[in-house]
Every structure is written in C-alpha cells, then in structure tokens.
2 protein chains.
Amino acid sequence: MTRIYFNEVATRDGFQIEPEFVPTDTKVALIDALSECGYAKIEVTSFTSPRAIPMLRDADEVMGRIRRVPGVEYTVLVPNRRGAERALEAKADELNLVMSISESLNRANLRMSMAESFAALQDVFKLVDGRTPINMSLSCAFGCPIEGDVPQQSIIEWAKRFADLGARGLSICDTTGMGHPAQVSRMVEALQNEVVKTRPELQLTLHFHNTRGMGLANVLAGVQGGVVRFDGSLAGLGGCTYAPGASGNISSEDAIHMLEAMGYDTGIDLDRLLGVARQMPGIVGHDVPGQVAKAGRITDLHPAPV
Amino acid sequence: MTRIYFNEVATRDGFQIEPEFVPTDTKVALIDALSECGYAKIEVTSFTSPRAIPMLRDADEVMGRIRRVPGVEYTVLVPNRRGAERALEAKADELNLVMSISESLNRANLRMSMAESFAALQDVFKLVDGRTPINMSLSCAFGCPIEGDVPQQSIIEWAKRFADLGARGLSICDTTGMGHPAQVSRMVEALQNEVVKTRPELQLTLHFHNTRGMGLANVLAGVQGGVVRFDGSLAGLGGCTYAPGASGNISSEDAIHMLEAMGYDTGIDLDRLLGVARQMPGIVGHDVPGQVAKAGRITDLHPAPV
C-alpha cells in the first residue's frame, strides 16, 4: 500500500485571503487539532510583514503556542531574509520559500524580478546554512494568470537550480488552478526523469487549487505519476484574487477521502479530520467548498426511506 | 484527437430536484440554446408521472416546442410503459430507461424489486420494438447509499442482460457520487472486456456526480479507460437526497473544459456553453457548483495589478 504524505496549508494559504481576522487562540486550537489527525506536515503560518498579510500578524505567537506532536513537521512560509530569521527563532521544522515562475506574477506578488528573487533566496539559503531543511515552492508552475503558459522546461531548470542550492524539497504549485491532468502527467514525468532521478532524496510535492474543478483529477494524475506528497487545505479554504467566487485550494479531506478509497495509505484519521473540517465554516464565518464534510464518506450508509 | 461525446442532462436530472418550477418557456429556450453548443445528445425531460416529479409535468409540451437541431439527439427518461408511449408519441430520438442495481434503492425509487423492474422494462423493449433506440441506465452502479457496495459483477451481468435485450447504449451511473477513480478504472476495464468487446456497436456512457468532489477525477479515469461518452449537467445542477448541501452532477462545462485542455475534441463550443451556464443561477434562483463559469477558462488572461 503506497504511503502518501499530506501537508496541511489551511492556516497559511487558506487563511491569508480570508477577510476576517481569525483569533490567535482559534488558530492555535485548530493547529493542535490538526496535529492529532496524522499529517506529515502542517504549514502553520507565514513570517511575512504584518502589513502585507494582517491575518498572519500573530505568526510568532502561534508558532510559540502550538503543541508540537512528534512525527509532524511544522513548516512556515518565509518570503525573505527577515522572515527566515523569525522562522529560525521560532524553531520551525522547515522553511518554505517561494518564487513565482513568471516575471509578471513575481513582480506583482513580490515586487522583484525573478533574478532578484533568486539572489535574495540564495541569501536565505546561506543564512540558514543547513540548520533547518528548506522547501522551495515554485509558484504558478502550471500557468500564470497574467502571462498564460509557463514553459515546462523553465520549471525543470528552476527546480534543478534550487535543488542544487540545497533545498530538501520542491513544491510545484498550481497557484491559480490553471493546470490540467495531461499537463500534470507531463510535468511529473519530466521532474522525475530530469530532477528527482539523480537526486533521490529530494522531496517532490504537488500543490493544487480547485479553481476550475480539476483539483482532484490533478491529484489523480500526480499519484499515477508516482508523486507521494501533496498539499491540501482543510475544507478547501484558499483561493486566488484572479478568480473571485471560485473554489480555493484542493480540500485536504476530499483528496484524502479519495486516495483512502483508492487504497492509498495517507496516515490520516479521516473521521477525526472530518470533525475538524466541520468546524471550519464557524471559524471563517462562511460556507466552504469541501464536499465530504457535507456529504459524508462513501462508506456512510443511510436508512431506506419509509 | 479522440472525439468525446457529451450528453447534457441539466433539464432532466438537474431540474428534477429543484424546488421551484422552471417555466416551460424558460426550459424550451434553454434547450434551444444548448442545441447550438455542439452536444451529441440532450436529455430533455422525463415522461414520468406529473405527481412524482411536478417540475417535469410539462414534458410533452417541452418536447413539442423545442427546435430539433440536426446532429443532436433528443433523449427522454422513461420510467415505465406509459412513459414509453408518451415518448414515442413525442418522437424522442432515444428512450432512456432506468433501473437501480440495488434492491433497496430500486424499491425506494421505483417501488419494485429488481426482478419486477426487469419484467416491466422487457415489456417496454417489446412495445418499442426497435422503432426508437433505447439507452439503459444502470443506476447506483458504484455504490448504494442504503446497501453500500454494489458488486461489480452484478453491473456486468445486468449490462449484458440489457445489451442482449436490444439496448443501443448503456449508461453506468454513479447516482449518489460514491465511485472513486480506482473503482471506475476497474469497472470500465471489466465492461470493455466482458460486455463491449463482443458488442462493438454498444454505446457505453459514464454518468458521474460530484457529491464527494471526485467527479472530474472519475471522468479522467473513464477517458483513460477508453470511454468516449459522458453525461454532464450544466452548471453542476442536480444532486442526491442522501447528501443535502453537497454538489450535484458533474458540471458539463467543467468536464468539457478539462477534456478540451487535455487535447480531446468534445465538439462543444465552450465559450457559447459558458454563456449558457452563466444564465443558470438566474434560472434556478441560487448559486450553482460549476467552477469554470465563475473562474473563467485557463486561457483567459488578466491584466497585471498596478
């Protein structure tokens, strides 16, 4: 039975576009509940500027207060050197760096060219100096909402560059839900052949959004290609400013439910996870896209109507 | 480029669980608009008792008033002999018969045992006597919300029985969204080997619901197995009384958008179809699950933020 490793990103990628501040106590309680569900990793928060993302202004406090469960890695998003210093201070188990593989979007999100981003990230790698593992997220890897197509070869080249800088893992991110299954299959095959084959220790993660309904189909294409690490966001929180009203990240519990049904071992206690997912509408104050928390598992039976 | 054939079921399977009656004029205009989009088939309505499904009480009038576009087949759901007579009268291009492959659910939906249903359906085949093609829908083929697992071999046996009765096509229906991709792959392989191989003219259709988010992943598994016919419901209308609040049928436009992106030829004018899909919330009076109508196509670009 193939083991699949899930990284829960709801409290970072999910929360950061929510308009209403989620209280620090709620965040800590939520992460503590998620820690009991069997995740391989939880992306707790982002050490970004409180001005840029007010929702995550309590990053240091949250990292200090969560209960660390052995076997779960607590990772944090780090946009720059200052963020890396805060993450090291907070004793994060991993630093997750990010760069958009699109000049326009990298400028829009980080106000830097890709070359400037790379120089700044090299500086972070030097600062960390192997003390803590680094994951590198290549964002917009399946398409850019401003430029359109992102050449697959460009993802491969950047993946190699960051692997050679010392990244322990790479996340290939469909940040705006533009990837489709055939593209995922081709991308995964190229990554396996050109990047992972010669670096068997490298952890390859896929990060999908369900913006256009293709999220779980892309997960399927990913596992078919041999990928065993996925990001998910509880209840399908998250989203993209270019697609208002559309679905957000893939729902962790929907993806895990599908893979468990197919016979994969996700390590997750799905009933417990669904219990946490069902708290989410109350936490964010609105309906959420995740389906299994509403419909129940495929193994849940119903009485015959009278 | 593989040709994929879509059957649009929004005005039958989609509408029948809507609480507010959609006026006959609106139905006719909607079907006429769908006729211009490139569908292989449209399931217009159901010749069921007006008491059972008041929404479709105007079935005869709708069938009489729609404009028949050459190349599009206009099919109707037929629950019994009386329905078949009305469908023949209305000059439907195809009769779509249905039976649940679960004793409990067949009793719940049709108030008959499967044996009684089969006898009644044999009678319909006799009545029609080859004048109009018959499609046979095997419902709950991927699981029953009352009984749970439905043995794959049972689907295969019923499929053979109806093919041998003279059905032109079979629809394997995941009526309550319980199927997962590995199950779809196994089911399709068995159907191809045990039913279609010796009956190459038989049209095999897959009918999925997105109740637990797996709809498009199941479509992917289906096309990977060589299936070229799918049902879809515009805007993802539809649903299941056992999963209130969950998603309905797979959204036609989301499935078509995915398959077109992957390089399949669906014959559909997607921009035109998205225009029709965007009218749906106004027609049914509530938000709908379809994503692409909200998020736009993956090829839609956006200006860079200032």
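Heads up: the structure comes first, above all this text.
Below you will find a few notes about this structure. (Residues numbered from 1 in each chain as written. Chains lettered and ligands numbered in written order. Predicted model: local features only at pLDDT ≥ 70, side-chain atom pairs only at ≥ 80, totals over all residues.)

Topic: the overall build of chain A
Moving on, step 1. A tally of helices and strands in chain A yields 13 helices and eight strands.
Moving on, step 2. Taken over C-alpha atoms, the radius of gyration comes to 18 Å for chain A, in line with the 19 Å a tight globule of 306 residues would show.
Moving on, step 3. Over its C-alpha atoms, taken along the principal directions, chain A stretches across nearly 70 × 40 × 35 Å.
Moving on, step 4. Considering chain A as a whole, with its 306 residues, one finds that 55% of them fall into the buried category.
Moving on, step 5. Counting contacts in chain A only where the partners sit at least 6 residues apart, residues at least 24 apart contribute 73% of the total. (Helix = DSSP H or I, 4+ residues; strand = E, 2+ residues; numbered from the N terminus. Rg over C-alpha atoms; globule rule 2.2 N^0.38 Å. Buried ≥ 20, exposed ≤ 12 C-beta atoms within 10 Å, placed from the backbone. Contact = placed C-beta atoms within 7 Å.)

As for the sheet that holds strand E6 (residues 169-173) of chain A
Residues and elements named next belong to chain A.
Moving on, step 1. Spatially, the eight strands close up into a barrel ordered E1-E2-E3-E4-E5-E6-E7-E8, and their pairing is parallel. The average angle at which neighbouring strand axes cross in this sheet is 25 degrees, direction not considered.
Moving on, step 2. Sheet analysis places strand E7 (residues 203-207) next to strand E8 (residues 229-232), joined by three bridges and oriented parallel. Bridge pairing in E8 places Thr205 opposite Arg229. (Pairing = 2+ DSSP bridges. Axes fitted to C-alpha atoms, helices over the stretch in contact; angles between N-to-C directions.)

What to know about the interface of chain A and chain B
Note on interface size: it is often stated as the accessible area lost on association of the parts.
Moving on, step 1. The interface of chain A with chain B comprises 40 residues on the first partner and 40 residues on the second.
Moving on, step 2. Looking at the side of chain A that touches chain B, the elements that each hand over two or more residues are helix H5 (103-110), helix H8 (181-196), helix H9 (215-224), helix H10 (252-261) and helix H13 (292-295) of chain A.
Moving on, step 3. For the side of chain A that touches chain B, the element with the most residues is H10(A), which contributes four residues.
Moving on, step 4. Among the residues making up the side of chain A that touches chain B, the classes are represented as 22 nonpolar, 15 polar and three charged. (Nonpolar A, V, L, I, M, F, W, Y, C, P; charged D, E, K, R; others polar.)

Overview of the sheet that holds strand E2 (residues 41-46) of chain B
Strand pairing in a sheet relies on backbone hydrogen bonds. The paired strands run either parallel or antiparallel.
Residue and element names in this part refer to chain B.
Moving on, step 1. The eight strands are arranged E1-E2-E3-E4-E5-E6-E7-E8 in a closed barrel whose pairing can be described as parallel. Averaged over all pairs of adjacent strands, the angle between strand axes in this sheet comes to 25 degrees, irrespective of strand direction.
Moving on, step 2. Note: strand E1 (residues 5-8) against strand E8 (residues 229-232), four bridges, orientation parallel. Within the sheet, the bridge partner assigned to Phe6 lies in E8 and is Phe230.
Moving on, step 3. Across the sheet, helix H4 (residues 81-89) is in contact with strand E3 (73-78) and strand E4 (94-100); its angle to E3 comes to roughly 160 degrees.

Remarks on the packing of helix H8 (residues 181-196) of chain B against helix H9 (residues 215-224) of chain B
Residues and elements named next belong to chain B.
Moving on, step 1. The interhelical angle for the contact between H8 and H9, taken along N-to-C directions, is 30 degrees, at an axis separation of 8 Å. In this view, H8 runs roughly parallel relative to H9, as classed from their interaxial angle. As H8 runs across H9, the sense of the crossing is right-handed. Residues Pro181, Val184, Ser185 and Val188 of H8 pack against Ala217, Asn218, Leu220, Ala221, Gly222 and Gln224 of H9.
Moving on, step 2. Of the residues in the contact of H8 with H9, the class split is six nonpolar, four polar and no charged. (Parallel < 35°, antiparallel > 145°, perpendicular 65-115°, else oblique. Left-handed = near helix turned anticlockwise from the far one by under 90°.)

Digging into unusual backbone geometry
Residue and element names in this part refer to chain B.
Moving on, step 1. At Asp129, a residue that is not glycine, the phi angle is positive and equals roughly 55 degrees.
Moving on, step 2. Along the chain, Asp129 turns up in the loop between helix H6 (114-128) and strand E5 (134-139).
Moving on, step 3. Judged by local crowding, Asp129 falls into the exposed class, with 8 C-beta atoms found within 10 Å.
Moving on, step 4. Although it is not a glycine, Cys140 adopts a positive phi angle of roughly 60 degrees.

What about helix H6 (residues 114-128) of chain A?
Residues and elements named next belong to chain A.
Moving on, step 1. The end-to-end C-alpha distance of H6 is 21 Å, a good match for the 21 Å that 15 residues give at a rise of 1.5 Å each.
Moving on, step 2. Buried residues along H6 sit against strand E3 (73-78), helix H4 (81-89), strand E4 (94-100), H5 and strand E5 (134-139).
Moving on, step 3. At the C-terminal side of H6, Asp129 shows a positive phi close to 55 degrees. (Expected span 1.5 Å × (residues − 1).)

Observations regarding the relation of the copies chain A and chain B
Two copies of a chain can be linked by a rotation about an axis combined with a shift along that same axis.
Moving on, step 1. For the pair chain A and chain B, the best superposition has an RMSD of 0.0 Å and corresponds to a rotation of 180 degrees with a translation of 0.0 Å parallel to the axis. Here the copies are linked by what is in effect a two-fold axis. Distance from the rotation axis, computed per C-alpha, reaches its smallest value in chain A at A:Ala217: 1.9 Å. (Least-squares fit on C-alpha atoms with pLDDT ≥ 70 in both.)

A short note on the environment of B:Ser137
All names here are of chain B.
Moving on, step 1. Mapped onto the secondary structure, Ser137 falls in strand E5.
Moving on, step 2. Between the C-alpha atom of Ser137 and that of Met99, which follows or precedes it by 38 residues, the distance is 6.5 Å.
Moving on, step 3. Those residues in contact with Ser137 that lie beyond four places of it in its chain are Asn96, Leu97, Val98, Ser171, Cys173 and His207.

Digging into the nonpolar core
Moving on, step 1. A:Leu138, A:Leu216, B:Leu138 and B:Leu216 are the most contacted members of the largest nonpolar core, which has 194 residues in total.
Moving on, step 2. Setting aside anything within four residues of it in sequence, one finds A:Leu138 in contact with A:Met99, A:Ile101, A:Ile155, A:Trp158, A:Ala159, A:Leu170, A:Ser171, A:Ile172 and A:Cys173. (Core = buried A, V, L, I, M, F, W, Y, C linked by C-beta atoms within 7 Å.)

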